[in-house]
Structure formats: structure tokens, C-alpha cells
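What the coordinates show
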Amino acid sequence: MKIEPFELERLQSTFEHQVDFNLSESGVQPLTLGELVEDPVSRAALLTESLCYTQTNGTALLRERVAAQYPGATSDHVLITNGGAEANYITMWNLIEPGDEIVMMVPNFMQAWGVAHAFGAVMKAWPLIPPDEAEAGIGRWRLDIDALDRLVTPRTRVIAICNPNNPTGTRFESADLDRVAAIADSHSSWILSDEVYRGAERDGRETPTIWSRSDRVIVTSGLSKAYGLPGLRIGWIVGPPSRIASLWSFHDYTTIAPSALSDTLARHALEPSMRERLLARTRGVLNRNFPIMADWLDEAGDLFSYVPPDAGAMVYVRYRHPINSTELITRLRLEKSVLVVPGDHFGMDGYLRFGFGEPQEKLRAALERVRTGISDCGLRIAD
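An account of the accompanying structure is given in this report. (Residues numbered from 1 in each chain as written. Predicted model: local features only at pLDDT ≥ 70, side-chain atom pairs only at ≥ 80, totals over all residues. Heavy atoms only, no water.)

Observations regarding the overall build of the protein
When helices and strands are counted, the protein shows 13 helices and 13 strands. The C-alpha radius of gyration of the protein comes to 21 Å, within 12% of the 21 Å expected for a compact globule of 383 residues. Per-residue burial for the protein yields a buried fraction of 57% across its 383 residues. Counted over contacts in the protein with a minimum sequence separation of 6, partners at least 24 positions apart contribute 72%. Surface exposure of the protein reaches about 15,600 Å², of which carbon and sulfur atoms provide 52%. Positive and negative charge centroids in the protein, built from 38 and 50 side chains respectively, lie 1 Å apart. (Helix = DSSP H or I, 4+ residues; strand = E, 2+ residues; numbered from the N terminus. Rg over C-alpha atoms; globule rule 2.2 N^0.38 Å. Buried < 20%, exposed > 50% of the residue type's maximum accessible area, 1.4 Å probe, protein only. Contact = heavy atoms within 4.5 Å. Areas by Shrake-Rupley, 256 points an atom, 1.4 Å probe, with all protein chains shown as cover. Lys, Arg positive; Asp, Glu negative; His and termini not counted. Charge placed at Lys NZ, Arg CZ, Asp CG, Glu CD.)

Written out as C-alpha cells, the structure is:
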């Protein structure tokens, strides 16, 4: 099997620890272990934890706490994985046969695209409607439901969506999700919904899940973005119990089990009161930091255009200058030691994805570096 390079992950994996400032992340500054486990009793309990193979599909309590986020779900509807990346990978591996059609929302985190293509799927892009093509007064990214209806055929095995969306940060509402589910049902297609930014909404109103809108829905998520715990590498899949049992057998061929310590810490993170504390922390970071990002973008006048994100520590920015986005971010990395994601990695040149989840002093310093770097490239930002 040949697999194409996953450009975004290659960029981050190669350079994120080699630059002074990393604005390529879409989550908030991660917690320390001490911030997550504050009380002496819980800290002492960690030292007694056996470093064994834990329950390979996730401990029962962890699966119950995940299931509680999805109406009607039980622990039998949940499989714990090593990060959302494994969740997406084994789902595509499990569902796809060569020649199947996959209709995928774009722009998007392109893991599912690369994996499905490698497994022999026929890939069909389903573009969002950009703000400048929407009806007057809307000014936000929107689903093109009519286009989806045209794209989906009886050969469509999976409709892959991301809600809230990466990279735009846009939240899609219940009415649109119902229409996506109806189209999927009409062709007996599965829906794979990556909901890893759910819970990271700036206004505190949790994004609707597509769970329970169809009998053929699989949701993937994890602790990396909304919870600020990417280093735990805990993700999950929520789906029909029979499909979850099948996915578990595929999990046997990949990572087998989550880390025992990660399972323990994830149970702690998803205890209801702690879960609310973690999500409140994320919202606080987003609402303190986004004004810094927005002011910086607004100072540029007509150089940049953007839609304020509903969720996630990311803003997807269109720039107006004849320079390729990968060339631009490469110059920023080499000359200013700042890492930004190019629109090329989402199939959309002329855009940049800025992360704004860093501590405020680092964010301001990073944006000042970007200011001078962009000016050096001939893109002028007002002083």
C-alpha cells in the first residue's frame, strides 16, 4: 500500500519543536500533570497505578464517561483509542473497500482523505461555501447541502465531516446535520463525524453532535483540543455496538490498548465536574486570546479577511498577495522562527491557519515576528 505524505502532520512533527513560536496548533496551551491532578489523594493514587495492559477497549468507567456526552449511548457504543488519529484511521480501514466512494467536507483535517485514498477509495471533495460567496449579510462558512445531494451516490460508503470545522472553526447546527443525515440514509452511507473541537466553543454553547441522527453514524473525538490534554493520546469512537465490536478487532492490530496511566487520567478529566472545569479553562483562553488575534488581523486593513471562529484556537485567514502559502510560511519559519499552517495543506492556496492558544505574551511576540516577516515578503501591515 502506498500512502501520500500527510503534509500538515509532517510540517508540525518536523518543525514545531525547532521554532521559537509555534502558531500551527489549533488547541490551547496544554495543562501540566500538576494542574490536572491537584489534590494529594489523587496524586498518591497515581503512584499505586499498575503499569499493566489496561482493558484494551478502554476501562468501563472511561467508556461510560465518554458515552455520557452522546444521548442514548452506553459503554458498548464506545471504543477508546490512542488519540483521535487512531480513531479516524481504524474507522476508515474498517469501512472502506477498494472502489468505494468517499465524500469529504473540505477544507478539513486531511488525515481521512489520505488514508481512504490509500485504501483504494474514490475521493470526492465537498467544498464549504466560503464567506465571500454566501448570501449578503451571512459572512460565514456554510454547508452546501444541494452540492452534497448531487455528490452522494449509491456507491458512497462514507460522508466525512468535521464539526466544528478545522480549519475554519465554524460550527454547523442541527438543521444542517439533519439534512446531511437524511442524504446519507437515502443511500445507506455511513457518516464519519470528527467532533474533536466540540466543547471548545467561545460562546460556551456546545456544538450539536450528529450522533443519533442516523443509524449509520460514527463519531470520533478525544482529549487533545477542547480539553487541553493532547499528550495523553486518548481518543474515542462512538458508534453502533456491532460496529464498535468490529472496530475493536481492528484496534487489536494497531496499538492494542491505551496507556494505563492515560486511561486513569482520562477518567479523572471526564469526571463531570472536572470536565466542566477543563472546558471552562479552554473557553477562557480562547476569549482572552482571540481579541489579540483579531486586533492584529484588523490592523492589516484589506490585506487579510477572516471569519471569527466559533470554536477552537484557530482562525483561517485569507490574504491578498501573489505569494504561495507554503512559500510564505517557509519564509516565516526560516527568517522569523514562527510556524504557521499554509492553506496548501487544506487544498486552498491564499490562506493561512493561525493558532492563538499560546500564552498571551508568546502570542503577541509571535505575531510581531509575523508582522515583520510579512512586510519583508512585500505584504504591508499598518504600524
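Brief notes about the pattern of salt bridges
Across all of its chains, the model carries 18 salt bridges by this definition. The residue Glu 173 makes a salt bridge to Arg 205 at a minimum N-O spacing of 2.7 Å. Within this pair, whereas Glu 173 is found in the loop between β5 (156–162) and α8 (174–186), its partner Arg 205 is found in the loop between β6 (190–194) and β7 (217–222), the two being separated by 32 residues in sequence. Under the relative-accessibility criterion, Arg 205 is labelled partly exposed at 41%. Arg 267 is the salt-bridge partner of Asp 263, the closest N and O atoms lying 2.5 Å from each other. In this pair, Asp 263 and Arg 267 both sit in helix α10 (residues 260–269), four residues apart, roughly one turn of the helix. A relative accessible area of 19% places Arg 267 in the buried class. One network of salt bridges, with partners in common, ties together Arg 171, Glu 173, Asp 203 and Arg 205. (Salt bridge = Lys/Arg side-chain N within 4 Å of Asp/Glu carboxyl O.)

Digging into the sheet that holds strand β9 (residues 304–306)
Where strands meet in a sheet, backbone hydrogen bonds hold them as pairs that are either parallel or antiparallel. The sheet built from four strands is open, its strands ordered β9-β10-β13-β12 with antiparallel pairing. The open sheet has two free edges, formed respectively by β9 and β12 (341–342), since each of these has just one partner strand. Bridge count between strand β10 (residues 314–319) and strand β13 (residues 351–355): five bridges; the pairing is antiparallel. Among the inter-strand pairings, Tyr 316 is bridged to a residue of β13, identified as Arg 353. (Pairing = 2+ DSSP bridges.)

Brief notes about the packing of helix α5 (residues 83–95) against helix α9 (residues 241–251)
As a packed pair, α5 and α9 sit with axes 10 Å apart at the nearest point and diverge in direction by 105°. By the criterion of interaxial angle, the relationship of α5 to α9 is roughly perpendicular. On α9, the residues that touch Glu 86, Ile 90, Thr 91, Trp 93, Asn 94 and Leu 95 of α5 are Arg 243, Ser 246, Leu 247, Phe 250 and His 251. Partitioning the contact of α5 with α9 into residue classes produces five nonpolar, four polar and two charged. (Axes fitted to C-alpha atoms, helices over the stretch in contact; angles between N-to-C directions. Parallel < 35°, antiparallel > 145°, perpendicular 65-115°, else oblique. Nonpolar A, V, L, I, M, F, W, Y, C, P; charged D, E, K, R; others polar.)

A look at the packing of aromatic side chains
Summed over the entire model, instances satisfying the criterion amount to 12 aromatic pairs. Centre to centre, the rings of Trp 296 and Phe 354 are 5.6 Å apart; their planes meet at 65°, and the pair counts as edge-to-face. In this pair, Trp 296 is assigned in helix α11 (residues 272–299) and Phe 354 in strand β13, connecting sequence segments 58 residues apart. Side by side, Trp 296 and Phe 354 carry an identical accessibility label, which is buried. Following the ring pairs from residue to residue traces out a cluster consisting of Tyr 89, Trp 93, Phe 119 and Phe 250. Sitting over the face of the ring of Phe 290, Arg 202 holds its NZ or CZ atom 4.4 Å from the ring centroid. In this structure, Arg 333 is placed above the aromatic ring of Phe 15, and the distance from its NZ or CZ to the ring centre is 3.6 Å. (Phe/Tyr/Trp six-rings, centres within 6.5 Å; stacked < 30°, edge-to-face > 60°. Lys NZ or Arg CZ within 6 Å of the ring centre and 35° of its normal.)

Considering the layout of surface pockets
By volume, the second largest pocket is sized at about 200 Å³. When contributions to the lining of the second largest pocket are tallied by element, the ones reaching two or more residues are α7 (145–151) and α8. Its residues assigned to classes, the lining of the second largest pocket shows five nonpolar, one polar and eight charged. (1 Å grid on protein atoms, 1.4 Å probe; cavity = no way out; pocket = protein on both sides within 12 Å on 5 of 7 lines; lining within 4 Å. Points joined across faces, edges and corners; volume = space filled by probe spheres on them.)

Observations concerning empty space enclosed by the protein
Tallied over the entire structure, the rule returns two cavities of 30 Å³ or more. In this model, the largest cavity occupies a volume close to 90 Å³. Every residue along the wall of the largest cavity is listed here: Asn 88, Met 104, Asn 108, Phe 109, Gln 111, Ala 112, Ala 160, Ile 161, Cys 162, Leu 192 and Asp 194. Where the lining of the largest cavity is concerned, the elements lending two or more residues are α6 (111–118), β5 and β6. With three residues, β5 is the largest single contributor of residues to the lining of the largest cavity. Residues that form the lining of the largest cavity fall into these classes: seven nonpolar, three polar and one charged. What lines the second largest cavity is Gln 69, Tyr 70, Glu 195, Arg 198, Ser 221, Tyr 227, Trp 236 and Arg 275. A class-by-class count of the residues in the lining of the second largest cavity yields three nonpolar, two polar and three charged.

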